[in-house]
Amino acid sequence: MGLFTKIGAGLKKTRDSLMNSVNSMLRSFTKIDNELFEELEEILILADTGAATAARLCEALRKKVKERGVTDPAQVKGLIAETVAEMLRGGQEMKLTAKPSVILVIGVNGVGKTTTIGKLAARYKTEGKKVILGAADTFRAAAIEQLDIWADRAGVDIIRHAQGADPAAVVFDTIAAAKARHADLVICDTAGRLHNKKNLMDELSKIGRVIDRELPDADRETLLVLDATTGQNAVNQAREFKSAAGITGIVLTKLDGTARGGVVLAIREDLDVPVKFVGVGEGIDDLLPFDPDDFASGLFGE
C-alpha cells in the first residue's frame, strides 16, 4: 500500500465525518455568502481544528473565492483542500545529517510513545541507518521491557539500565555505544510526566547537557507523541510540553481511530509546531512521514 493510500485509509473516520457534513452543507447553498462560511466554520470546529484555526481557514477561503471569482459552492471543497495544505506546509523534514544524530521522544503514558520509537527505529533501519535505542524513561513501570521488545522487533540495539536509574546516565551510555559501534542514529525514550513541569525540565536539561558535551555537533530532534483520539486535549498537552521541553515536532498516533483528524491543523496553527509523523495503524510500517498535500487530499478526497 502506497503512502497516499495509507494516509487516505488512516483518515477515513475523519474524512467520512467531515466530508458528509461539508458536502451536505455545500449542497444546501446556491451561492457563496457569509452564511456558508459560518456553517463551514462550525463544521471545522467539530472536527477539532479549534475555533481560531477554523476562523483563519475560512478567512483564507474568503480571499481565494474573491480573488478567483468563484461563485459555485461546489468549487469550495477543492479550495478547502488547497488552503489546508498551505497552512500545514513547512518544517516536516527531519534534520538528521550528522553521524550520529539524536532523536529524543517524549509523551505521557498511553499515547503510543514506545510503539512510536520502535516504528521509527524500523523505518530508519530500512533506510540503511544503524540505529541504537536508549531506554531513558526509567521511571515508568515496564517502559524498559516494552522498549526491549520493540528493539528486538525492529532488529536494532538497545542500551538499558535498571528501573529508577538516572535517565541522563542512560543517554550518556547510549551515545558512547553509538560512537563505538559507528551508529547513524540514537533514539532515546525520555520522560513524559507533566504533573511536575520543573522536574521534567530539569531532567531534559540534564539530558541536553550530556548530548551537548558528548555530541556537540549532532543534529537533534525532540519529538512529542500525541494521541489523535484525544482531540483538543492533545493540543493542550502539546502546549504544556512546548513550554517545558522545546519540542521540534509532533508524532500524532492513532489517526486511523478517530474522527478528530482536524487536530493536525490546530497543533500547527495554534502552536506553530510541525507534525512530522502520523500513525495510521498497528503495523510496524504504519508510521508515516507527514505530508501536508497527501493529508489534505486524504481528508477532502472522495
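Before any of the text, the structure's been laid out above.
Residues numbered from 1 in each chain as written. Predicted model: local features only at pLDDT ≥ 70, side-chain atom pairs only at ≥ 80, totals over all residues. Heavy atoms only, no water.

Engineer: Help me understand the pairing of strand β4 (residues 185-189), please; the structure alone is not making it clear to me.
Structural biologist: Looking along a regular strand, one sees the side chains alternate between the two faces of the sheet. In terms of burial, β4 is largely enclosed, as five of its five residues are buried. Judged from the five bridges that link them, strand β1 (residues 101-106) and β4 form a sheet pairing that is parallel. Looking at the pairing, Ile-103 lines up with Ile-187 of β4. As defined by bridge partners, strand β2 (residues 131-135) adjoins β4 across five bridges and the pair is classed as parallel. Across the sheet, the residue bridging to Leu-133 is Ile-187, located in β4. (Buried < 20%, exposed > 50% of the residue type's maximum accessible area, 1.4 Å probe, protein only. Helix = DSSP H or I, 4+ residues; strand = E, 2+ residues; numbered from the N terminus. Pairing = 2+ DSSP bridges.)

Engineer: I tried to follow the packing of helix α2 (residues 12-27) against helix α12 (residues 292-300) on my own but got confused; where do I start?
Structural biologist: Two quantities define a packed helix pair, namely the angle between the helix axes and the distance between the axes. Viewed as axis vectors pointing N to C, α2 and α12 meet at an angle of 60°, and their least axial separation amounts to 8 Å. Relative to α12, α2 is oriented oblique. Facing Thr-14, Arg-15, Leu-18 and Met-19 of α2, the residues of α12 in contact are Gly-298, Leu-299 and Phe-300. When its residues are assigned to classes, the contact of α2 with α12 shows four nonpolar, two polar and one charged. (Axes fitted to C-alpha atoms, helices over the stretch in contact; angles between N-to-C directions. Parallel < 35°, antiparallel > 145°, perpendicular 65-115°, else oblique. Contact = heavy atoms within 4.5 Å. Nonpolar A, V, L, I, M, F, W, Y, C, P; charged D, E, K, R; others polar.)

Engineer: What is the right way to read the pattern of salt bridges from this model?
Structural biologist: Two side chains carrying opposite charge are able to pair once their charged atoms lie near each other. Scanning the entire structure with this criterion turns up 20 salt bridges. In this structure, Lys-179 engages Glu-214 in a salt bridge whose closest nitrogen and oxygen atoms are separated by 3.6 Å. Remark: Glu-214 occurs in helix α9 (residues 197-214) and Lys-179 occurs in helix α8 (residues 167-180); sequence separation between them is 35 residues. Linked by salt bridges that have partners in common, Lys-113, Asp-137, Arg-140 and Asp-189 make up one network. (Salt bridge = Lys/Arg side-chain N within 4 Å of Asp/Glu carboxyl O.)

Engineer: How should the packing of aromatic side chains be read in this particular structure?
Structural biologist: Two descriptors summarise a pair of aromatic rings, namely the distance from one centre to the other and the angle between the planes of the rings. Applying the stated criterion to the full structure yields one aromatic pair. Residues Phe-290 and Phe-295 carry aromatic rings whose centres are separated by 5.4 Å and whose planes lie at 55° to one another, so their mutual orientation is tilted. Just as Phe-290 is buried, Phe-295 falls in that class too. Across from the ring centre of Trp-150, 4.4 Å away, lies the NZ or CZ of Arg-153, which sits over that ring. (Phe/Tyr/Trp six-rings, centres within 6.5 Å; stacked < 30°, edge-to-face > 60°. Lys NZ or Arg CZ within 6 Å of the ring centre and 35° of its normal.)

Engineer: Explanation requested: the pairing of strand β5 (residues 220-227) in the structure shown.
Structural biologist: Most of β5 is tucked away, with seven of its eight residues classed as buried. Inspection of the sheet shows β1 paired to β5 by five bridges, in the parallel sense. Considered in β5, the bridge of Leu-104 is made with Thr-222. In terms of handedness, the path from β5 via helix α10 (residues 232-245) over to strand β6 (residues 249-253) forms a crossover that is right-handed. (Right-handed = clockwise from strand over helix to strand, strands pointing away.)

Engineer: Looking at this model, I keep getting lost on the nonpolar core. Mind explaining?
Structural biologist: The nonpolar side chains of soluble globular proteins are, as a tendency, buried together. Within the largest apolar cluster, 106 residues are counted, with the highest numbers of intra-cluster contacts made by Leu-133, Ile-187 and Leu-252. In terms of residue count, the dominant contributor to this core is helix α5 (residues 76-88) (eight residues). Residues contacting Leu-133, with those up to four places away along its chain left out, are Ile-117, Ala-121, Leu-147, Ala-151, Val-156, Asp-157, Ile-158, Ile-159, Thr-174 and Ile-187. (Core = buried A, V, L, I, M, F, W, Y, C linked by side-chain atoms within 4.5 Å.)

Engineer: Would you take a moment to explain unusual backbone geometry for this structure?
Structural biologist: A negative phi angle is the norm for most residues apart from glycine, just as the trans form is the norm for most peptide bonds. A cis amide bond links Lys-99 to the next residue, Pro-100, at an omega of -5°. Mapped onto the elements of the fold, Pro-100 is located in the loop between α5 and β1. At Asp-272, a residue that is not glycine, the phi angle is positive and equals roughly 55°. When you line up the elements, Asp-272 lands in the loop between α11 (263-271) and β7 (275-279).

Engineer: Hey, could you run me through the environment of Met-25 in this one?
Structural biologist: Residue placement: Met-25 occurs in helix α2. Since its relative accessible area comes to 4%, Met-25 is described here as buried. Along the backbone, Met-25 and Ser-205 are 180 residues apart, and their C-alpha atoms lie at a distance of 50 Å. Setting aside its immediate chain neighbours within four residues, Met-25 contacts Leu-36, Glu-39, Leu-40 and Ile-43.

Engineer: Help me out: how do you make sense of the sheet that holds strand β3 (residues 157-159) in this one?
Structural biologist: Across a sheet, paired strands are connected by hydrogen bonds in the backbone, their directions being either parallel or antiparallel. The sheet built from eight strands is open, its strands ordered β3-β2-β4-β1-β5-β6-β7-β8 with mixed pairing. Since the sheet does not close on itself, it has two edges, and those belong to β3 and β8 (287-289), each with one partner. The average undirected angle you get between the axes of adjacent strands in this sheet is 25°. Here β6 runs beside β7; their pairing, made up of three bridges, is parallel. Paired with Val-251 across the two strands is Phe-277, which belongs to β7. The strands touched by helix α6 (residues 113-126) are β1, β2, β4, β5, β6, β7 and β8; relative to β4, the strand with the most contacts, the crossing angle is about 175°. Sheet strands in contact with helix α7 (residues 143-154) are β2, β3 and β4, and its direction is about 170° off that of β2.

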